[in-house]
2 protein chains.
Amino acid sequence: MITVGLDLGGTKIAAAAVRDGQILEQRRRETPQSGAADVIAALAEVASALLEAYPEARSVGIGCPGPLDFERGRVRFAPNIAGMEDAPLVDALRERLGLSVVLENDANAAGYAEHRYGAARDLATSVYVTLSTGIGGGVFVGDRVLRGAHGLAGEIGHMTLLPGGPVGGDGHPGSWEAIAAGRAMARDASYVFSRPVSTAELFELARAGDRRALAIIDNAARFTGIGLANVVKVVDPAGFVLGGGVTGVGDFYLERVRATLAQYSTGYPLPQVRVAELGDDAGVIGAATVAAFEHASSSPAGV
Amino acid sequence: MITVGLDLGGTKIAAAAVRDGQILEQRRRETPQSGAADVIAALAEVASALLEAYPEARSVGIGCPGPLDFERGRVRFAPNIAGMEDAPLVDALRERLGLSVVLENDANAAGYAEHRYGAARDLATSVYVTLSTGIGGGVFVGDRVLRGAHGLAGEIGHMTLLPGGPVGGDGHPGSWEAIAAGRAMARDASYVFSRPVSTAELFELARAGDRRALAIIDNAARFTGIGLANVVKVVDPAGFVLGGGVTGVGDFYLERVRATLAQYSTGYPLPQVRVAELGDDAGVIGAATVAAFEHASSSPAGV
């Protein structure tokens, strides 16, 4: 079955016609910064072009940032896209495209692609973790996305790992994200070096062997290992898929993550820790795959 | 449909014939301490008596402590029951009873009863938390038990909430259980009062207004709130059901748990926090309900 996947990001929109996790054709364009109506028009335009080329496509999936209202098919708000508050994404796109439209959280969509067709395709239960500016994720059980009661399952970066630790964007101290995400490491580096240091510069310093840069990354890796171990205790996945720019810092980072996960999971069979395989394509593949699932089964891909 | 539920505990075995979550007849006896063969014989005996009284019963469910091997239907080991290592519980009981036998973790069984028929019966997604000598739990999504890759999902008391905190039975520092379970509170009380203090005595002291006893319970309640908030970030349940003796210490405990959960879940719709309703009956009702589910659907209740 061919479906169309849309990936709505803060700066760009990606769209692809997808069959069995394979991209047949892909299109990209910039995300309009002029409000929901223009964003919806841009999404409809790229989707229409693909639907013209693939008239056999059966449905459309869209991966979106920000907390979503699955019941009403709306974005509650998207921190990085202006004017998306309560935007009626699903209804508007269904009307313009004449096909059913399925909404999914962007991290869930990317993780679902990895779960079904990427690094976790052989694992029955997997958890996707995006280690980037922030830390997010998705939980996948069998062929389903765990959505939770309000579509907020898998927001694992907000777990508290150190009460009394650094205060995060969510206003409480010591979350995984506030200790170990890219922006948290840059904060620590700027403090340590008494000048503004970006995550990229920090990683360069670490690769060049700077002792203090390595200490910051080592601390972040250690807490990411503790975070993964906490997810093990709740979900007991067969494996993790790690995505996002932080995974590229070097092998020493992943080694430290794995060692800490093992240390904090005594008595548990150690889950796989793998790096994401699908890169930027994960978003559109996942959105298209969620749409294919719902079309085929007439029950939602998410539970 | 009538099914039989068995609840294997360290000191007693409970058995009941159950229909739609209602106990029709219940039996109890002591758990033999003389090895797996005697435990299996005792389980078969109480189950047979009920099956004789209810010949229309279709299958048998059994809730067991300890890590289980679901694929092979065995107990890996049960810390509180002698000689249960790798005991072939399911095969042995099926042979003696002539019915299909379904194995379930004891906390999952009790929680599943609360999810389907008890305090969480109106919630689509719920998490059961047993706050007792230790801290355990179960995660329920729709009508399914989340088991995970190795049957270890829901062992939430082993989450790390304070790296560097007290070392727990699993050998790593700062787990929820090692900070906030009944045995952890007794450890802290014994230190604070410089003499052996049981959990029961600590609770009495707190109810009488002892400042130091209250501080210990307050600390435990606070970390239990943080633990629940961490589960929110992974699973996003509609609510929690709290069971176990610790919940009985007093309203101030539950108030502190709820307040801390709210504090550490900014931005999330606050889940329900309810106290378990089914008491000691939860184990047999849950085991029987898992068996009924699997018999009716020919697919496992657990995912």
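Residues numbered from 1 in each chain as written. Chains lettered and ligands numbered in written order. Predicted model: local features only at pLDDT ≥ 70, side-chain atom pairs only at ≥ 80, totals over all residues. Heavy atoms only, no water.

K.L.:
So what about the relation of the copies chain B and chain A? Which residues, and what values?
P.N.:
When chain B is fitted onto chain A, the two copies agree to an RMSD of 0.0 Å after a turn of 180° and an axial shift of 0.0 Å. Here the copies are linked by what is in effect a two-fold axis. Both copies present the same face, since 100% of the interface residues in chain B are matched by interface residues at the equivalent positions in chain A. (Least-squares fit on C-alpha atoms with pLDDT ≥ 70 in both. Contact = heavy atoms within 4.5 Å.)

K.L.:
Account for the packing of helix α3 (residues 106–117) of chain A against helix α9 (residues 282–297) of chain A, with residues named and values stated.
P.N.:
Each pair of packed helices can be described by the angle between their axes along with the distance between the axes. All names here are of chain A. The geometry of α3 relative to α9 is characterised by a closest axis approach of 7 Å and an angle of 75° between their N-to-C directions. Taken together, the axes of α3 and α9 are roughly perpendicular relative to one another. Only Ala282, Gly283, Ile285, Gly286, Ala287, Thr289, Val290 and Phe293 of α9 make contact with α3, whose side of the interface consists of Ala109, Ala110, Tyr112, Ala113, Glu114, Arg116 and Tyr117. Within the contact of α3 with α9, the residues separate by chemical class into 10 nonpolar, 3 polar and 2 charged. (Axes fitted to C-alpha atoms, helices over the stretch in contact; angles between N-to-C directions. Helix = DSSP H or I, 4+ residues; strand = E, 2+ residues; numbered from the N terminus. Parallel < 35°, antiparallel > 145°, perpendicular 65-115°, else oblique. Nonpolar A, V, L, I, M, F, W, Y, C, P; charged D, E, K, R; others polar.)

K.L.:
If you had to explain helix α5 (residues 182–192) of chain B to someone new, which residues and values would you point to?
P.N.:
Residue and element names in this part refer to chain B. Residues of α5 that are buried include every one of Gly182, Ala184, Met185, Ala186 and Ala189, and no others. Those residues of α5 that are buried are in contact with α4 (176–180), α6 (199–207) and α7 (211–235). Where α5 terminates, the next one or two residues include serine 194, which has phi positive at roughly 55°. (Buried < 20%, exposed > 50% of the residue type's maximum accessible area, 1.4 Å probe, protein only.)

K.L.:
How would you sum up the interface of chain B and chain A? Please name residues and give values.
P.N.:
On the chain A side, the residues contacting the 39 residues of chain B number 39 residues. Summed over both sides, the interface between chain B and chain A buries roughly 3,200 Å², with carbon and sulfur atoms accounting for 64% of that surface. Across the contact surface, chain B and chain A share 0 salt bridges. In this structure, the connection of chain B to chain A is made through 21 residue pairs in polar contact (both at pLDDT 80 or more). Those elements that provide at least two residues to the side of chain B that touches chain A are β9 (135–141) and α7 of chain B. Among the elements that line the side of chain B that touches chain A, the one with the most residues is α7(B), at 7 residues. Its residues assigned to classes, the side of chain B that touches chain A comprises 22 nonpolar, 11 polar and 6 charged. (Buried area = accessible area lost by both parts, 1.4 Å probe. Salt bridge = Lys/Arg side-chain N within 4 Å of Asp/Glu carboxyl O. Polar contact = N/O pair within 3.5 Å; in protein donor to acceptor, adjacent residues only side chain to side chain.)

K.L.:
Which residues make up the pairing of strand β3 (residues 22–30) of chain B, and what are the values?
P.N.:
Looking along a regular strand, one sees the side chains alternate between the two faces of the sheet. Residue and element names in this part refer to chain B. Where strand β2 (residues 12–19) meets β3, 8 bridges bridge the pair, whose relative direction is antiparallel. Bridge assignment links arginine 19 to a residue of β3, and that residue is glutamine 22. Connecting the antiparallel pair β2 and β3 is a turn made up of 2 residues, with aspartate 20 showing a positive phi of about 50°. (Pairing = 2+ DSSP bridges.)

K.L.:
Describe the domain arrangement of chain A, listing the residues and the values that go with them.
P.N.:
Residues and elements named next belong to chain A. Parsing chain A into structural domains produces domain 1 (2–109 + 280–297) and domain 2 (122–276). For domain 1 and domain 2, the distance between their C-alpha centroids amounts to 27 Å. Counting residues at the interface gives 12 residues for domain 1, matched by 15 residues for domain 2. Buried area between domain 1 and domain 2, summed over both chains or domains, comes out near 900 Å², and the portion from carbon and sulfur atoms is 49%. Counting the surface domain 1 buries against domain 2, the share from its top three residues, Ala107, Asn108 and Phe293, is 53%. Within the residue set of the side of domain 1 that touches domain 2, elements represented by two or more residues are β7 (100–105), α3 and α9. Its residues assigned to classes, the side of domain 1 that touches domain 2 shows 7 nonpolar, 2 polar and 3 charged. (Domains from an automatic or database assignment.)

K.L.:
Could you give an account of the side chain of Thr31(B), with specific residues and numbers?
P.N.:
Residues and elements named next belong to chain B. Topologically, threonine 31 is positioned in the loop between β3 and α1 (36–53). Given a relative accessible area of 5%, threonine 31 falls into the buried group. A polar contact is formed between the side chain of threonine 31 and the backbone nitrogen of lysine 12, at a distance of 3.1 Å. Setting aside residues no more than four positions away along its own chain, threonine 31 makes contact with Leu8, Gly9, Gly10, Thr11, Lys12, Ile13, Val39 and Ile81.

K.L.:
Pulling in residues and values, what's your account of the nonpolar core?
P.N.:
Judged by nonpolar contacts, the single largest core of 94 residues is most densely connected at Val129(A), Trp176(A), Phe240(A), Val129(B), Trp176(B) and Phe240(B). Beyond its immediate stretch of four places on either side in the chain, Trp176(A) contacts Val129(A), Ile135(A), Ile156(A), Gly157(A), Met159(A), Leu161(A), Ala181(A), Phe223(A), Thr224(A), Gly227(A), Leu228(A) and Val231(A). (Core = buried A, V, L, I, M, F, W, Y, C linked by side-chain atoms within 4.5 Å.)

K.L.:
Let's hear about the confidence of the model for chain A: which residues, and what values?
P.N.:
Across chain A, pLDDT averages 94, with 100% of residues at or above 70. ipTM for the predicted complex: 0.94, alongside a pTM of 0.94. (pLDDT = per-residue confidence, 0-100.)

K.L.:
Break down the sheet that holds strand β10 (residues 144–145) of chain B for me, citing the residues and quoting the values.
P.N.:
Residue and element names in this part refer to chain B. With respect to topology, 5 strands assemble into an open sheet ordered β10-β9-β8-β11-β12, the strand pairing being mixed. Strands with a single pairing partner mark the edges of an open sheet, and in this sheet they are β10 and β12 (272–275). Bridging between β9 and β10 involves 2 bridges; their strand directions are antiparallel. Bridge pairing links valine 141 to arginine 144 in β10. In the packing of helix α8 (residues 251–263) onto the sheet, the strands contacted are β8 (125–131), β11 (239–243) and β12, and the crossing angle to β12 comes to about 160°.

K.L.:
Just give me the short version of the sheet that holds strand β4 (residues 59–64) of chain B, but keep the residues and values in it.
P.N.:
All names here are of chain B. The strand order across the open sheet formed by 5 strands is β3-β2-β1-β4-β7, and the pairing between neighbours is mixed. At either margin of the open sheet sits one strand with a lone partner, and together these are β3 and β7 (100–105). For this sheet, the mean inter-axis angle between neighbouring strands, taken without regard to orientation, is 20°. Sheet strands in contact with helix α2 (residues 89–97) are β1 (2–8), β4 and β7, and its direction is about 150° off that of β7. Helix α9 (residues 282–297) rests against β1, β2, β3, β4 and β7 of the sheet, and its axis sits at about 135° to β1.

K.L.:
Can you lay out the pattern of salt bridges for me, pointing to particular residues and giving the numbers?
P.N.:
Residue and element names in this part refer to chain A. Applying the stated criterion across every chain, the model contains 28 salt bridges over all chains. Across the salt bridge formed by arginine 274 and aspartate 122, the nearest N and O atoms sit 2.8 Å from each other. Of this pair, arginine 274 sits in strand β12 (residues 272–275) while aspartate 122 is found in the loop between α3 and β8 (125–131), placing the two residues 152 residues apart along the sequence. Each member of the salt-bridge network shares a partner with another, and the members are Asp69, Arg72, Arg74 and Asp86.

K.L.:
Describe the pairing of strand β1 (residues 2–8) of chain A, listing the residues and the values that go with them.
P.N.:
Residue and element names in this part refer to chain A. The buried count for β1 comes to 7 of 7 residues, which makes it a mostly enclosed element. Alignment of β1 against strand β2 (residues 12–19), held across 7 bridges, turns out to be antiparallel. Within β2, the residue paired with leucine 6 across the bridge is alanine 15. Connecting β1 to the antiparallel partner β2 that follows it, the hairpin turn spans 3 residues. Relative to strand β4 (residues 59–64), β1 is paired through 4 bridges, and the arrangement is parallel. Residue leucine 6 lies in a different strand from β4, and its bridge partner there is isoleucine 62.

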